[in-house]
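If you want the building blocks of each chain, they are given just below.
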Amino acid sequence: MTEWTKPLPHPTPLSQPFWDGTKEREIRLQRCDACGAHRFPPLVLCRVCLAEEHQWVPTSARGTLYSYVIQHRPATPAFIDDLPYVVAIVELDEGPLMLTNIVGCEIDALEVGMRVEATYFDASDDITLYPFTPSKE
Ligand SMILES: [Zn+2]
């Protein structure tokens, strides 16, 4: 594994099942037991019906590019070698919007509405990141 020197997420008890999923090459979301809505980011209560009960379920890990920006200045100096890079919001097929990066795509080829799918990158023993890339479907 290449040494990752950039900032990493800090899972909480609420978000740990999500990170357990990426480690196993899945995008897992909470699905409300009461109404079936998927939640992201992880929440105690359903945004639709306020129920607390839920299950963690695998998703398609696919969606559409909802919006994006091209970063020409890094969020922190740790990302300076990645410039320019794409910060995006993907609308998952299950409904939630997800903040992520788009990789493996020329910037000129980006298009709102394009199909994308998750890829996985082991940044540490505990954290697997999930940039999206144009879908091969
Ligand atoms: Zn609900």
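Each value, and the rule that gives it
- Residues numbered from 1 in each chain as written.
- Predicted model: local features only at pLDDT ≥ 70, side-chain atom pairs only at ≥ 80, totals over all residues.
- Heavy atoms only, no water.
- Helix = DSSP H or I, 4+ residues; strand = E, 2+ residues; numbered from the N terminus.
- Polar contact = N/O pair within 3.5 Å; in protein donor to acceptor, adjacent residues only side chain to side chain.
- Buried < 20%, exposed > 50% of the residue type's maximum accessible area, 1.4 Å probe, protein only.
- Pairing = 2+ DSSP bridges.
- Donors = N, O, S within 2.8 Å, 3.2 Å for Na, K, Ca; no water.
- Tetrahedral: all angles 85-135°; square planar, octahedral: opposite > 155°, others 65-115°.
- UniProt positions renumbered as here; feature names shortened; annotations may be inferred.
- Patch = residues over 30% accessible without salt bridge, like charges linked within 9 Å, V, L, I, M, F, W, Y side chains within 5 Å.
- Areas by Shrake-Rupley, 256 points an atom, 1.4 Å probe, with all protein chains shown as cover.
- Salt bridge = Lys/Arg side-chain N within 4 Å of Asp/Glu carboxyl O.
- Contact = heavy atoms within 4.5 Å.
- Axes fitted to C-alpha atoms, helices over the stretch in contact; angles between N-to-C directions.

How would you summarise the side chain of S124 if you had to cite specific residues and measurements?
Following the sequence through the fold, S124 ends up in the loop between β8 (121-122) and β9 (128-129). A polar contact is formed between the side chain of S124 and the backbone nitrogen of D126, at a distance of 3.1 Å. A polar atom in the side chain of S124 sits 3.0 Å from the backbone nitrogen of I127.

Hey, could you go over the pairing of strand β1 (residues 28-32) for me, with residue numbers and the actual values?
Burial runs high along β1: 4 of the 5 residues are buried. Here 5 bridges tie β1 to strand β3 (residues 54-58), and the two strands are oriented antiparallel to one another. Opposite C32, over in β3, you have H54 as the bridge partner. When β1 meets strand β2 (residues 38-39), the two strands line up antiparallel, connected through 2 bridges. Among the inter-strand pairings, R31 is bridged to a residue of β2, identified as H38. Counting the residues in the hairpin turn of β1 and β2 gives 5 residues, including G36, whose phi is positive at 85°.

Residues and numbers for the coordination of the zinc ion, please.
Protein coordination of the zinc ion is provided by C32 (SG), C35 (SG), C46 (SG) and C49 (SG), with donor distances spanning 2.3 to 2.4 Å. Relative to the metal, the 4 donor atoms surrounding the zinc ion lie at angles of 103 to 115°, and the coordination shape comes out tetrahedral. Along the chain, the residues donating to the zinc ion fall in the pattern C-x2-C-x10-C-x2-C. Pair noted here: C35 is in the loop between β1 and β2 and C46 is in the loop between β2 and β3, with a separation of 11 residues, a long-range link. Overall, C46 belongs to the buried group, its relative accessible area being 1%.

Any details on the UniProt feature "domain: ChsH2 C-terminal OB-fold" (unreviewed entry) in the chain? Residues and values, ideally.
Taking the UniProt record as the reference, the feature "domain: ChsH2 C-terminal OB-fold" (unreviewed entry) is found at residues 56-119. Helix makes up 0% of residues 56-119 and strand makes up 48%, while its end C-alpha atoms are separated by 20 Å.

With reference to specific residues and values, describe a nonpolar patch on the surface.
Taken together, the side chains of L14, V44, L45 and L50 define a hydrophobic patch exposed on the protein surface, amounting to about 350 Å² of accessible area. Within the secondary structure, V44 sits in the loop between β2 and β3. Judged by its relative accessible area of 48%, V44 is partly exposed.

Explain the sheet that holds β3 to me, and be specific about the residues and the numbers.
Judged by pairing direction, the sheet is antiparallel, and its 3 strands sit side by side in the order β2-β1-β3 without closing on themselves. Of all strands in the sheet, those with a lone pairing partner are β2 and β3, marking the two edges. Relative to β1, helix α1 (residues 16-23) is tilted by about 135°, and along the sheet it contacts β1 and β3.

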